[in-house]
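Chain residues, written in single-letter form:
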Amino acid sequence: MASGKGHKDENFPVASKLVAPAFRAPIMAFYRFARLADDIADHLTATPDEKLERLEAMRQGITGESMAEPSAVALRQVMAERRLDPVHALDLLEAFRRDVTKLRYGNWDELIDYCRYSACPVGRFVLDVHGEDRALWPANDALCAALQVINHLQDCAKDYRELDRVYLPQDLLASTGARTAELADAQASPALRQVIAACAERTQHLLADAAPFARQIRDRRLGVEVAVIQRLAVSLAARLRRRDPLSERVHHGKAEALLLASGAALGRFVRA
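This text gives an overview of the structure that appears in the document.

Each value, and the rule that gives it
Residues numbered from 1 in each chain as written. Predicted model: local features only at pLDDT ≥ 70, side-chain atom pairs only at ≥ 80, totals over all residues. Heavy atoms only, no water. Helix = DSSP H or I, 4+ residues; strand = E, 2+ residues; numbered from the N terminus. Buried < 20%, exposed > 50% of the residue type's maximum accessible area, 1.4 Å probe, protein only. Contact = heavy atoms within 4.5 Å. Areas by Shrake-Rupley, 256 points an atom, 1.4 Å probe, with all protein chains shown as cover. Axes fitted to C-alpha atoms, helices over the stretch in contact; angles between N-to-C directions. Parallel < 35°, antiparallel > 145°, perpendicular 65-115°, else oblique. Left-handed = near helix turned anticlockwise from the far one by under 90°. Nonpolar A, V, L, I, M, F, W, Y, C, P; charged D, E, K, R; others polar. Salt bridge = Lys/Arg side-chain N within 4 Å of Asp/Glu carboxyl O. Core = buried A, V, L, I, M, F, W, Y, C linked by side-chain atoms within 4.5 Å. Expected span 1.5 Å × (residues − 1). Polar contact = N/O pair within 3.5 Å; in protein donor to acceptor, adjacent residues only side chain to side chain.

1. As for the overall build of the chain
- Each helix and strand in the chain was counted, giving 13 helices and zero strands.
- For the chain, the succession of helices and strands along the chain, N to C, is α-α-α-α-α-α-α-α-α-α-α-α-α.
- Looking at the chain as a whole, 53% of its 272 residues qualify as buried.
- A separation of at least 24 residues holds for 70% of the contacts in the chain among residues at least 6 apart in sequence.
- Here the chain has roughly 12600 Å² of accessible surface; of this, 52% comes from carbon and sulfur atoms.

Written out as structure tokens, the structure is:
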């Protein structure tokens, strides 16, 4: 069920060279585990029961009940060696189970609760790998939730067309008169654009909450990577308030992303 997608294909840096080499291997083990679980949940032809069975095998690989899923076994070994809490991997699997069984989100709070399992554990794991204070979790959660919503907004048409999965809150759609079926159109209606822009605005509030995060991280290299991710996210959230992801490019080009990243990295070093 693997999609072939790798860490260099993601919208935001994953274990980039900014991260100290000693920490990259466990982060990549977590990424490979998450990537496979995501591919299972998003598989276009597997049945829901088949997907849930594979995800359960991954859970058993983390808990030590099974050796059937190599990526889960590899991550369990890494966590045992470094005495890392398996809760983050188990929380992540809850999100992918929801992806299989829950196709609509009633309101913003439901969506953020999903992000609590789909995105926040990733950042929490990275912080634990670096031995950072868990007092940073609220700032981490704000940034990770923002990244997740940005991805949802960029992919809203694809998710609906391929998986009938809609993360746009249903109450926002109803309030503007937008219909879910409009996500299949070549261009968003004014009502649908209003919903996307409203979600992007709320994402900007999350990013404002996360703004001090990079400076609070003790590990300087990780702090720089977080600063880069924050800057890229701020840019994308602003774009999503102006652009139609159904008909316009939202993703950064390589040169543009490099320019934004360089500025953010320099700013983090100057303020360190």
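2. As for the environment of Arg 165
- Mapped onto the elements of the fold, Arg 165 is located in the loop between helix 8 (156-163) and helix 9 (170-176).
- Residue classification places Arg 165 among the buried positions, given a relative accessible area of 3%.
- Along the backbone, Arg 165 and Asp 99 are 66 residues apart, and their C-alpha atoms lie at a distance of 7.9 Å.
- Ignoring anything within four residues of it in the chain, the contact list for Arg 165 reads Ala 41, Asp 42, Asp 99, Lys 102, Leu 103, Arg 104, Asp 159 and Tyr 160.

3. Side note on the packing of helix 7 (residues 137-154) against helix 12 (residues 220-242)
- Helix 12 packs onto helix 7 with a crossing angle of 40 degrees between their chain directions and a minimal axis gap of 10 Å. It follows from the interaxial angle that helix 7 and helix 12 lie oblique. Note on packing geometry: the crossing formed by helix 7 with helix 12 is left-handed. When helix 7 is examined against helix 12, the residues Leu 143, Leu 147, Ile 150, Leu 153 and Gln 154 are found in contact with a partner set consisting of Val 226, Ile 229, Gln 230, Ala 233, Leu 236, Ala 237 and Leu 240.
- Class assignment of the residues belonging to the contact of helix 7 with helix 12 gives a composition of 10 nonpolar, two polar and no charged.

4. Details of the pattern of salt bridges
- One pass over the full model with this rule turns up 18 salt bridges.
- The salt bridge involving Arg 35 is made with Asp 39; its shortest N-O contact spans 3.0 Å. Remark: Asp 39 and Arg 35 occur in helix 1 (residues 21-42); sequence separation between them is four residues, near one turn of the helix. Asp 39 shares its class with Arg 35; the two are buried.

5. A short note on the nonpolar core
- If you look at the biggest cluster of nonpolar residues, it comprises 79 residues, and the most contacted ones within it are Phe 33, Leu 75, Leu 168 and Leu 192.
- The residues touching Leu 168, leaving out its near neighbours within four places in the chain, are Tyr 105, Leu 153, Leu 173, Leu 183, Leu 192, Val 195, Ile 196 and Cys 199.

6. Here we look at helix 10 (residues 190-210)
- Relative to the 30 Å expected for 21 residues at 1.5 Å per residue, helix 10 spans 30 Å between its end C-alpha atoms, a close match to the ideal helical length.
- Of all the residues in helix 10, the buried ones are Ala 191, Leu 192, Arg 193, Val 195, Ile 196, Ala 197, Cys 199, Ala 200, Thr 203, Leu 206, Leu 207 and Ala 210.
- Residues of helix 10 that are buried sit in contact with helix 5 (108-118), helix 7, helix 8, helix 9, helix 11 (213-216) and helix 12.

7. With respect to the environment of Leu 183
- Looking at the element boundaries, Leu 183 is found in the loop between helix 9 and helix 10.
- If near-sequence neighbours (up to four positions away) are discounted, Leu 183 is found in contact with Cys 156, Ala 157, Tyr 160, Arg 161, Val 166, Leu 168, Leu 192 and Leu 246.

8. Points about unusual backbone geometry
- Positioned with a positive phi, Arg 83 is a non-glycine residue whose angle comes to about 55 degrees.
- As for its position among the elements, Arg 83 is in the loop between helix 3 (70-82) and helix 4 (87-101).
- With relative accessibility at 81%, the residue Arg 83 sits in the exposed group.
- You will see that Asp 164, though not glycine, has its phi angle at about 55 degrees, which is positive.
- Looking at the secondary structure, you find Asp 164 in the loop between helix 8 and helix 9.
- According to the relative accessible area criterion, Asp 164 is partly exposed, its value standing at 34%.

9. Regarding the side chain of Asn 140
- By the secondary structure assignment, Asn 140 is in helix 7.
- From its side chain, Asn 140 meets the backbone oxygen of Cys 120 in a polar contact 3.3 Å long.
- Excluding residues that lie within four positions of it along the chain, Asn 140 makes contacts with Cys 120, Gly 123, Arg 124, Leu 127 and Phe 213.

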